[in-house]
Amino acid sequence: MPDSPTVGRRERKKAATRQAIADAALRLFLERGFEQVSVRDVADRADVSTTTLFAHFPSKEALVFDREEDVEAGLIAAIRERPAGQDVIEALRAHVLKLYVPLASDPRLRGFTELVDRTPALREYAERMWMRHAAALGSAIAQELGRDADDIACWALARFVLQIPALPRGRQDPRAAVETVFDLLVHGWRAQAAS
């Protein structure tokens, strides 16, 4: 007997529609630029109504960051569902290595990054999203460690961890770069500087 309930047909269809909309949006934005594409253009390309599009995405910017809820949920699950005996930072290391290192070599990452970097509305959205993720992760870390919800060390760790996926960009060995940064977090700067 499976541990989790099977996803129903309706949920699969809804997820497929959402993905089709996000894929169509990203293709159009990469082809023409974010500002030159309307929500109607995206809906037409995905073969849905604008009402359907907005049922899945609250804004045009959200079309670009279609996995933001999954990213946050994944980070929190990484620490809450970690194996017995594994500390929080090692659980986050494993999560980042598993999910973000393969992304570093994805050929689509460069186009996506350039799109966000050259579009002020997307940069602003990404910053707000990053801050929400940092707050949620900082609170979850504090809760897991039995500390106050606004514990500065927990919030600092959350912010550092969220920066790690950006650091390996352009590096020959993204995995080694991620490991180096996590080692720095675990062992501290003084130990790193002494080596």
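Details of the structure are given in the entry above.
Let me begin by describing the structure that accompanies this report. Bear in mind the structure is a predicted one, so any value in this text is a computation, not a measurement. (Residues numbered from 1 in each chain as written. Predicted model: local features only at pLDDT ≥ 70, side-chain atom pairs only at ≥ 80, totals over all residues. Heavy atoms only, no water.)

Core analysis: the largest hydrophobic core is formed by 26 residues, its most contacted members being L92, L137, I141 and F182. Of all the secondary structure elements, the ones that give two or more residues to this core are helix 4 (68-80), helix 5 (88-104), helix 7 (120-145), helix 8 (152-163) and helix 9 (174-187). Discounting residues that sit within four places of it in the chain, F182 has contacts with I89, L92, R93, V96, V161 and I164. Core analysis: the second largest hydrophobic core is formed by 25 residues, A25, F29, F34 and L122 among them. (Core = buried A, V, L, I, M, F, W, Y, C linked by side-chain atoms within 4.5 Å. Buried < 20%, exposed > 50% of the residue type's maximum accessible area, 1.4 Å probe, protein only. Helix = DSSP H or I, 4+ residues; strand = E, 2+ residues; numbered from the N terminus. Contact = heavy atoms within 4.5 Å.)

What follows covers the pattern of salt bridges. Taken as a whole and judged by the stated rule, the model has 10 salt bridges. With a closest N to O distance of 3.5 Å, R32 and D41 form a salt bridge. Overall, R32 belongs to the partly exposed group, its relative accessible area being 42%. Classification of D41 as partly exposed rests on a relative accessible area of 26%. Of the charged contacts, one joins R110 and E114 as a salt bridge, the two residues approaching to 3.0 Å between their closest N and O atoms. Of this pair, R110 and E114 are both found in helix 6 (residues 108-117), 4 residues apart, which corresponds to roughly one turn of the helix. On the basis of relative accessible area, E114 is assigned to the partly exposed category, the value being 38%. (Salt bridge = Lys/Arg side-chain N within 4 Å of Asp/Glu carboxyl O.)

This brings us to the packing of helix 7 against helix 8. Viewed as axis vectors pointing N to C, helix 7 and helix 8 meet at an angle of 130°, and their least axial separation amounts to 8 Å. Comparing the axis directions of helix 7 and helix 8 gives the class oblique. The chirality of how helix 7 crosses helix 8 is right-handed. Two secondary-structure elements touch here, helix 7 through W130, M131, H133, A134, A135, L137, G138, S139, I141, A142 and L145 and helix 8 through C154, W155, L157, A158, R159, V161, L162 and Q163. In the contact of helix 7 with helix 8, the residues fall into 14 nonpolar, 4 polar and 1 charged. (Axes fitted to C-alpha atoms, helices over the stretch in contact; angles between N-to-C directions. Parallel < 35°, antiparallel > 145°, perpendicular 65-115°, else oblique. Left-handed = near helix turned anticlockwise from the far one by under 90°. Nonpolar A, V, L, I, M, F, W, Y, C, P; charged D, E, K, R; others polar.)

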